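# Understanding the architecture of this molecule
One-letter residues, chain by chain:
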Amino acid sequence: SPIVDHDKVLAVLELGALEPFDRRKRGFVDALLPLVAAKIQILAGNVATRELLERTQTQARDLEAQKSILLQQREELEASRANLAQTEERTRLILTAVGDGIVGMDIEGNMTLANPAVPAMLGYTEDELIGKPLHSLVHYAYPDGRDFPRTECSMYLTSVDGQPRKVDNEVLWRKDGTSIPVEYGTTPVKKDGQIVGSVIVFHDITERKQAQEKLRLANFLSDQALDLSQAGYWHIPLNTGDEYYNSSERAARIFGDPPRADWRYHLMNEWFANVEAGDKEAAARTFENYGGAVAGTAPRYDATYAYKRPLDSRVVWIHALGHVVRDAKGTPTDMYGVTMDVTASKLAEDAIREKRVFELPITD
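This is a predicted model, so every value here is computed, not measured. Position numbers for residues count from 1 along each chain, tracking the sequence in the order it is written. Local features are withheld for residues below a pLDDT of 70 in this predicted model, meaning they are given only at 70 or higher, and side-chain atom pairs are given and counted only at 80 or more; totals for whole chains, interfaces and linings count all residues. Calculated side-chain values reflect all of the structure's heavy atoms, with hydrogen atoms and water omitted.

## Describing the overall build of the protein
Helix and strand assignments come from DSSP, with helices taken as H or I runs of at least 4 residues and strands as E runs of at least 2, each series counted from the N terminus. A count of helical and extended segments in the protein gives ten helices and 13 strands. Think of it in three bands: with a 1.4 Å probe and only protein chains considered, a residue is buried below 20% of the maximum accessible area for its type, exposed above 50%, and partly exposed in between. Looking at the protein as a whole, 29% of its 364 residues qualify as buried. The Shrake-Rupley method, run with a 1.4 Å probe, gives the accessible areas here. Residue values count only the displayed protein chains as cover. Total accessible area on the protein is roughly 24,100 Å²; 56% of this is exposed by carbon and sulfur atoms.

## Brief notes about a nonpolar patch on the surface
A surface patch of nonpolar side chains, amounting to about 310 Å² of accessible area, comprises Phe28, Leu32 and Leu35. Along the chain, the position of Leu32 falls in helix 1 (residues 23-97). Residue Leu32 is classed as partly exposed on the basis of its relative accessible area of 31%. Patches were defined on residues exceeding 30% relative accessible area and lacking a salt bridge, with like-charge contacts within 9 Å and nonpolar side-chain contacts (Val, Leu, Ile, Met, Phe, Trp, Tyr) within 5 Å. Any carboxyl oxygen of Asp or Glu that lies within 4 Å of a side-chain nitrogen of Lys or Arg is treated as forming a salt bridge with it.

## Quick notes on the environment of Val201
Relative to the helices and strands, Val201 is located in strand 7 (residues 194-204). Note on contacts: a residue pair is in contact if any heavy atoms of the two residues lie within 4.5 Å. Not counting chain neighbours up to four residues away, the residues in contact with Val201 comprise Asp100, Gly101, Ile102, Glu183, Tyr184 and Gly185.

## A short note on helix 9 (residues 280-295)
Every helix has an expected span of 1.5 Å times one less than the residues it contains. Taking 1.5 Å of rise per residue, the 16 residues of helix 9 would be expected to cover 22 Å, and the 22 Å separating its terminal C-alpha atoms lies within 8% of that figure. When helix 9 is considered as a whole, its buried residues turn out to be Ala282, Ala283, Thr286, Asn289, Tyr290, Gly292, Ala293 and Val294. Looking one or two places after helix 9, you find Gly296, whose phi comes out positive at around 95°.

## Some remarks on the confidence of the model for the protein
Do not read the predicted coordinates in detail wherever pLDDT is low. On average, residues of the protein score 83 in pLDDT, and 84% of them reach the 70 mark or higher. Confidence of the prediction at every residue is given by pLDDT, a number between 0 and 100. Between the elements of the protein, mean pLDDT differs from a low of 66, seen in strand 1 (residues 2-5), to a high of 95, seen in strand 11 (residues 301-308).

## Notes on the pattern of salt bridges
Taken as a whole and assessed by the stated rule, the structure comprises nine salt bridges. We note a salt bridge from Lys175 to Glu128, for which the minimum N-O separation is 2.8 Å. With a gap of 47 residues between them, Lys175 in the loop between strand 5 (165-173) and strand 6 (179-191) and Glu128 in helix 3 (residues 126-129) connect regions that are remote in the sequence. Relative accessible area serves as the criterion here: at 46%, Lys175 is assigned to the partly exposed category. The class of Glu128 is partly exposed, set by a relative accessible area of 29%. As a salt-bridge pair, Arg208 and Glu183 come within 3.2 Å of each other at their nearest N and O atoms.

## Digging into the sheet that holds strand 9 (residues 244-247)
Strands sit in the order 10-9-8-13-12-11 across an open sheet of six strands; the sheet is antiparallel. Looking at which strands have only one partner, the edges of the open sheet turn out to be strand 10 (264-266) and strand 11. Shown here is a sheet whose adjacent strand axes are inclined to one another by a mean of 30°, direction ignored. For strand 9 and strand 10, the ladder comprises three bridges, and the chain directions are antiparallel. Counterpart to Tyr245 in the pairing with strand 10 is Tyr265. Running at roughly 75° to strand 11, helix 8 (residues 267-278) makes contact with strand 8 (231-237), strand 9, strand 10, strand 11 and strand 12 (315-326) of the sheet. Each axis is a line fitted through C-alpha atoms, and for a helix only the stretch in contact is used; angles between axes span 0 to 180 degrees, taken between their N-to-C directions. Strand contacts of helix 9: strand 8, strand 11, strand 12 and strand 13 (332-341), with the helix running at about 145° to strand 11, the strand carrying the most contacts. A pair of strands is considered paired only if DSSP assigns at least 2 bridges between the two.

## Side note on the nonpolar core
In this structure, Trp271, Tyr301, Tyr305, Tyr307 and Met335 are the most contacted members of the largest nonpolar core, which totals 28 residues. At the level of elements, strand 8, helix 7 (249-255), helix 8, helix 9, strand 11 and strand 12 are the ones that each hand at least two residues to this core. Contacts of Trp271, omitting those with residues within four sequence positions, involve Tyr245, Phe255, His266, Thr286, Tyr301, Tyr305 and Tyr307. Ranked by size, the runner-up nonpolar core spans 24 residues in total, among them Val103, Met111, Met155 and Val182. As used in this record, nonpolar core signifies buried Ala, Val, Leu, Ile, Met, Phe, Trp, Tyr and Cys residues forming a set joined through side-chain atoms within 4.5 Å.

## Some details on the side chain of His139
With respect to the helices, strands and loops of the structure, His139 is situated in the loop between helix 4 (134-138) and helix 5 (154-161). The contact partners of His139, leaving out residues within four places of it in the chain, are Leu134, Phe148, Cys153, Met155, Glu170, Val171, Leu172, Trp173 and Tyr184.

## Comments concerning the packing of aromatic side chains
The rule is short: rings of Phe, Tyr and Trp, with Trp giving its six-membered ring, pair when the centres are within 6.5 Å, and they are stacked under 30 degrees, edge-to-face over 60, tilted in between. In total, this model carries ten aromatic pairs according to the counting rule given. With a centroid separation of 6.0 Å and an interplanar angle of 45°, the aromatic rings of Trp271 and Phe272 are classed as tilted. The rings of Trp234, Trp271, Phe272, Phe287, Tyr290, Tyr301 and Tyr305 are connected pair by pair, giving a single aromatic cluster. To sit over a ring, a charge needs its Lys NZ or Arg CZ within 6 Å of the ring centre and within 35 degrees of the ring normal. Here the guanidinium or amino end of Arg150 rests over the ring plane of Tyr156, the centre of that ring lying 3.8 Å away.

## Points about the sheet that holds strand 4 (residues 111-114)
Strand order in the open sheet formed by five strands is 4-3-7-6-5, and the pairing between neighbours is antiparallel. Single-partner strands in this sheet number two, and they are strand 4 and strand 5. Geometrically, the sheet is characterised by an average inter-axis angle of 30° between neighbouring strands, direction not taken into account. Sheet topology note: the strand 5/strand 6 ladder contains seven bridges and is antiparallel. Looking at the pairing, Leu172 lines up with Ile180 of strand 6. Sitting on the sheet, helix 5 touches strand 3 (101-106), strand 5, strand 6 and strand 7, and the angle it makes with strand 7 is about 155°.

And the structure:
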């Protein structure tokens, strides 16, 4: 017999007997079928409830695991944000503390970054720099005022070809139209192997240029003085153990030494040997004075000696003055000096001396 609930067959009940059911037994079975249907419905509901409960519990466990993962990810994200904030703060402090100008530039040549030193040196505000073309704003002319084409600009070229560069003979132009000499280096910036811009680091070398100009002027005046006095200069390294000295071309001409590409001569085998060949007594006094100057027992090297010129074997008289340089410990490191040909004055003095001796009255 089918077990039906609301016109839906839930099951089929099959009964076996030794003899056919009478009316009473058939009535009992018919009355039993709705009860069985109800029980089946209840059982199906219990099974569905149990399955729903299991799914709910599984989902709850999954949600709890996902919640734990999300909490961990949130903590990691917050830690990353904190690290990023610290890194950004550290970078900002570094960029602020650095005295050199640091500029970021895109491939179009527009400024994307400028640390505080940049507007301070160039007289612009940060808003007047960011997003503006660097070359046409601050790098548009050579030091002599000639137009500086962007196609020749090392800052721009690095953002195009990716080649780092270093330059120390150009200027940047301030907002007020004055210029500052700078030394700068360019570095390409790449992303996924593609050039996306460049970074330029520059610093003001005004003091260095002024010092170089003063040195150039001092060297010029020294050369003029040497020209007027017909003197030559030389240098002896005292801490290398080589026993060589470096001569200027004019000093080599005075000594009559053979010309060399490096103008380098041996101190003992050449210079002192020729000093001894000129006059032994003067050589002894000269070498003693030289040793005293190096040892610090003499205030300076100051000697007059005869020198036999290797090129023509002619003996000339030399007046040499030298200054010893010492390190912080007092150890001599170098001697710098000048040499002059005083042959004419020496011969004149000798002649005067001989004449005075000749004119002395003879007494018994």
